Every structure is written in C-alpha cells, then in structure tokens.
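# Per-entry structural report
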Amino acid sequence: MVRFESLRTRLTALFLAVAAGSALMTGLIVLVEAHFHFQMYERQIKEGGYAVHVLNVHLEQALQQSVGWTSIGMVILAGAVSVYVARRIAGPLVEMTRTAGRMAAGELDVRVAVAGRDEVAELGRALNHLAESLARQEDSRKTMTADIAHELRTPLATLKSHLEAFLDGVWEPDAVRLRGCYEEIERLIRLVRDVEALAELEAPSFRLQSTRVNLCEVLGRALALYRPSYFQKGVDLELECTEPVWAEADPERLTQVFTNLLSNALKATPQGGKVTVSAGNAGVWRVIRVRDTGRGMPPQEVTRVFERFYQVGQGRSRDGGSGIGLTIVKRIVDAHGGRVQIHSELGKGTVVRVDLPGCGRDDE
C-alpha cells in the first residue's frame, strides 16, 4: 500500500537534517578556528610577544574565518538541497504539467514516467490513469457516434427511397407502403429514446432514487404495459409471483429494465409461444427470471448481447431494435449492485436472470 506521508516525512527529515547539520558545522568551524588561533597565540607568547592586542587580533581572525567558512558551507549545503528538491519534486511536476497540456490538446497517448511510491509518484500514476480513462471514453464516443450513424442510415435511406418513389409516381402511397414508412419512423424514435436513456445512465450525475419496493408489483405494472402487444402477436404472457419480494431499488428504473426484457422476449418468441416471468427470494438475492420459448441464441452471441448496438443475428433480418436495450438493462442492474445473466440455447429459448440485493426484510 502506498504511504501518502512518505514525501512529507522525507522532506521534514531533510530540512531537520539541514538545520542540525548547519548548527553542527557552525559549532565545529568555530571550535576549530578558535583552537587554531589560540595555539598560534600561545606560540607567540612563548616567543616573547606579550601584547594584549595580539590576543584581540587572533580572536577577530577566528570569528571572521568561522563566519566565512560557515557561509561557504551553508551555500554548498543549500545548493545541494535545492538541486535534490528540484530534481525530486519540481522536475516531475514540470513534466506532469507539460503532459497535462498535451492531453488537453488531444494527445491522449502521452504518459508520465513514474518512479518511486511517494505522493509525487502517486500523482503521476493518477495522471496516467486519467489519460487512459479519457482515451477509453474518446474511443467509446467515436464508436458510439459511428454506430448511431450506421443505425440512422438504414431507416433514413428507406424513407428517402419511399418518398422518391411517391414523388416520381412509381408507387402509390397506399396503406402498406405508408405503414412501412411509419415503422421506420418509429424505429428512429426508439433509437433516439434509447440513446438518450443510455447517455443519462452513463452521466456522472446519474443517481438512483431507491426505496423499498415489492418486485411483484413492479413486474405486474410492466406486464400490464405489454399484454396488448403479446395478445396481438398471439404470445402467452404469464407472471409467477406468489408472495411479496422486497428489495431496495428504484422502481422507475426497474420498470425500464423489465420492459426492455419483455420487449426482447416478444421479438424472439413466435406466435403460439410463451413468456414466463417469475420473482422470488434466494438468500440475500432477489431473483427475477424472464423465460421465453423463442428462437434462442448461439453461445458466441450470448457473450456479446450487452454490447452497444449489437443485435442477435445481425447477418439475418433485423427486428427493428436499437441494439441498446440490454446495454441499458445491464447499466441499471449494475447501478443497483446486482447482476444479470443470460442462458440460451438455439431453437429452445432464452432465460434472462436478474439478481438484485434484498433489503433485509421479506415482509411488511
């Protein structure tokens, strides 16, 4: 573990050592100079020089030379300490400042050379981590922009071709073709709505409005929203929740999760199929399962379904989805401290399991 007081401790010890060394050096110089001049005075006394002024001269010389040597020593010591501090602190800080300036100019591949484990080194590591995070976000932004452009291109091209055909008199604007245009517009609206939702979830200001909720009630409201669509397609929708299942969660966000899962299950399940939604307690977890009898997915696609804009069977016909629904699901579940798993077998259906932490009580 990094000790964040190490640099402060070392600098304090350094300056204390400088002060102690200065005092010791001053004392030694004074003693040596005084001793030298008193020896000279004694020799002169023995040689017959008895004038008192000779003693004064030696004392004055001892003081002058002591001050001179002490000043020289202090200058040298201060220079050595300054060079050390400049190399150890100022140098890395100057390099970090230059690196931060290059990062601000868009050079996100620059890094700071880090040595040691003190506060300055930790600051360098934090700056490198910031550069890596910014680089990932920039790559994500570029990828998302390209994906959005790709998703917009198809419906817009379809609408343009239909309108050109109407204007040129090639097609009559009958109900079938107008219905196709309407569906493409709905697809654009869903894409914009999902992108807005994903941007909100990934914003730093995103916060859950958690409260104690009965998951069966939240599921019941989500199923009520989708029952007409299921009835229209001829897919049976069933809820299995015999007792209250309590959790600390944001009911609005959970409704968003469940409606996305129900939408995906409806798209994957053919007429005459069945989708079963269940909720229950499993220790400290509250488990929600959405099971369908649809087409299922091959194993290589199960691992990718949470990626942005990835749609199962992209080589086949697209179902009109935005490819962001499961990304939103995972973001919301992760924000709740939960986990989401998908088990699927091609041709036999899919089970989506959402585990949410409980609230410590299972009843009112």
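What you see as residue numbers is a count from 1 along each chain, following the sequence as written. Thresholds applied to this predicted model are a pLDDT of at least 70 for local features of residues and 80 or more for the giving and counting of side-chain atom pairs; totals over whole chains, interfaces and linings are not thresholded and use all residues. No hydrogens and no water enter the side-chain calculation; it runs on all heavy atoms of the structure.

This brings us to the overall build of the chain. When helices and strands are counted, the chain shows eight helices and seven strands. Burial classes: relative accessible area under 20% of the type maximum marks a residue as buried, over 50% as exposed, and values in between as partly exposed (1.4 Å probe, protein chains only). Counting all 364 residues of the chain, 36% fall into the buried class. The contact criterion used is simple: two residues touch if any of their non-hydrogen atoms lie within 4.5 Å. Summarising the internal contacts of the chain: among those between residues at least 6 apart in sequence, 71% fall at separations of at least 24. For the chain, the exposed area adds up to about 21700 Å²; of that, 59% sits on carbon and sulfur atoms. Secondary structure elements are defined from DSSP: runs of H or I of at least 4 residues count as helices, runs of E of at least 2 residues count as strands, and each element is numbered from the N terminus. Each accessible area is a Shrake-Rupley estimate made with a 1.4 Å probe; only the visible protein chains count as cover when residues are assessed.

An ideal rise of 1.5 Å per residue puts 27 Å on 19 residues; helix H5 (residues 215–233) measures up with 26 Å between its terminal C-alpha atoms. The largest bend along H5 measures about 45° and falls at Tyr-226, with the proline Pro-228 one to four residues further on. When H5 is considered as a whole, its buried residues turn out to be Leu-215, Cys-216, Val-218, Leu-219, Ala-222, Leu-223 and Tyr-230. Its side-chain oxygen 3.1 Å from the backbone nitrogen of Cys-216, Asn-214 forms the N-cap of H5. Following H5 by one or two positions, Gly-234 adopts a phi angle in the positive range, close to 85°. How far a helix is expected to stretch is found by multiplying one less than its residue total by 1.5 Å. Here the bend at each residue means the angle between axes fitted to two seven-residue stretches, the one ending at that residue and the one beginning there. Pairing of N or O atoms within 3.5 Å defines a polar contact, subject to two protein rules: one partner must be a possible hydrogen donor and the other a possible acceptor, and residues neighboring in sequence count only if both atoms are side-chain atoms.

A separate point is the state of the cysteines. Here, the term disulfide refers to a pair of cysteine sulfur atoms separated by no more than 2.5 Å. Under the defined criterion, the tally for this structure stands at one disulfide. Here Cys-216 is linked by a disulfide to Cys-241, with a sulfur-sulfur distance of 1.5 Å. A residue pair is termed long-range when its members are at least 10 positions apart, and Cys-216 in helix H5 and Cys-241 in the loop between strand E2 (236–240) and strand E3 (246–249) qualify at 25 residues. Classification of Cys-216 as buried rests on a relative accessible area of 12%. Taking relative accessible area as the criterion, Cys-241 reaches 22% and is therefore assigned partly exposed.

Moving on to the side chain of His-336. In this structure, His-336 sits in the loop between helix H8 (325–335) and strand E6 (339–345). For His-336, the side chain forms a polar contact with the main-chain nitrogen of Asp-250, separated by 3.0 Å. In this structure, His-336 is in contact with Leu-208, Glu-248, Ala-249, Asp-250, Arg-253, Leu-254, Leu-356 and Pro-357, ignoring residues within four places of it in sequence.

All right, on to the confidence of the model for the chain then. Predicted coordinates in regions of low pLDDT should not be interpreted in detail. Here pLDDT means the predictor's own confidence in every residue, given as a number from 0 to 100. Counting all residues, the mean pLDDT for the chain is 80, and 83% of those residues have values of 70 or more. For the chain, the element scoring lowest by mean pLDDT is helix H1 (residues 6–46), at 70; strand E5 (residues 285–292) scores highest, at 94. In the model, residues 314–318 has pLDDT below 50 throughout and makes five contacts with residues more than four positions away in sequence or in other chains.

On to the environment of Leu-266. By the secondary structure assignment, Leu-266 is in helix H6 (residues 251–268). Judged by relative accessible area, Leu-266 falls into the buried class, the value being 11%. Spatially, the C-alpha atoms of Leu-266 and Gly-294 are 8.4 Å apart, while their sequence positions differ by 28 residues. The contact partners of Leu-266, leaving out residues within four places of it in the chain, are Ser-229, Tyr-230, Lys-233 and Val-235.

Let's shift gears to the pattern of salt bridges. Side chains that carry opposite charge are capable of pairing whenever their charged atoms lie near each other. One speaks of a salt bridge when a side-chain nitrogen belonging to Lys or Arg is within 4 Å of a carboxyl oxygen belonging to Asp or Glu. All told, the structure shown has nine salt bridges when counted by the stated rule. As a salt-bridge pair, Glu-107 and Arg-102 come within 2.9 Å of each other at their nearest N and O atoms. Judged by its relative accessible area of 33%, Glu-107 falls in the partly exposed class. In this structure, Lys-330 engages Asp-334 in a salt bridge whose closest nitrogen and oxygen atoms are separated by 2.9 Å. Residue Lys-330 and its partner Asp-334 are located together in helix H8, separated by four residues, close to a single helical turn. Overlapping salt bridges, with partners in common, bring together Arg-339, Arg-353 and Asp-355 in one network.

The subject of this paragraph is the side chain of Arg-253. Within the element layout of this structure, Arg-253 appears in helix H6. What Arg-253 contacts, discounting residues up to four positions off in sequence, is Glu-200, Leu-201, Phe-206, Leu-208, Ile-332 and His-336.

What follows concerns the packing of aromatic side chains. In this analysis, rings of Phe, Tyr and Trp, with Trp reduced to its six-membered ring, are considered paired at centre separations within 6.5 Å, and the interplanar angle assigns stacked below 30 degrees, edge-to-face beyond 60, and tilted for intermediate values. Across all of its chains, the model carries zero aromatic pairs by this definition. Over the ring of Trp-171 we find Arg-177, and its NZ or CZ is 4.5 Å from the ring centre. Should the NZ of a Lys or the CZ of an Arg lie within 6 Å of a ring centre and within 35 degrees of the ring normal, that charge is described as sitting over the ring. The ring centre of Trp-285 lies 4.1 Å from the NZ or CZ of Arg-339, which sits over that ring.

Our next topic: the sheet that holds strand E7 (residues 349–357). Pairing between strands is defined by DSSP: at least two bridges between them are needed. On the basis of which strands lie adjacent, the open sheet formed by five strands has the order E2-E4-E5-E7-E6 and mixed pairing. Edge positions in the open sheet fall to E2 and E6, since each of these has one partner strand only. For this sheet, the mean inter-axis angle between neighbouring strands, taken without regard to orientation, is 15°. Bridge analysis of E2 against strand E4 (residues 274–282) gives five bridges, and the strand direction is parallel. Each residue of the ladder has a partner; that of Leu-239, found in E4, is Val-277. Angles shown run from 0 to 180 degrees and are taken between the N-to-C directions of axes, each axis being a line fitted to C-alpha atoms and, for helices, limited to the stretch in contact. Against the sheet, H5 makes contact with E2, E4, E5 and E7, and its axis sits at roughly 175° relative to E2, the strand it touches most.

Look at helix H4 (residues 175–202): 40 Å from first C-alpha to last across 28 residues, which is about the 40 Å you get at 1.5 Å a residue. Those residues of H4 that sit buried are Cys-181, Glu-184, Arg-187, Leu-188, Leu-191, Asp-194, Val-195, Ala-197, Leu-198 and Leu-201. Tucked inside the fold, the buried residues of H4 contact helix H3 (119–168), H6 and H8.

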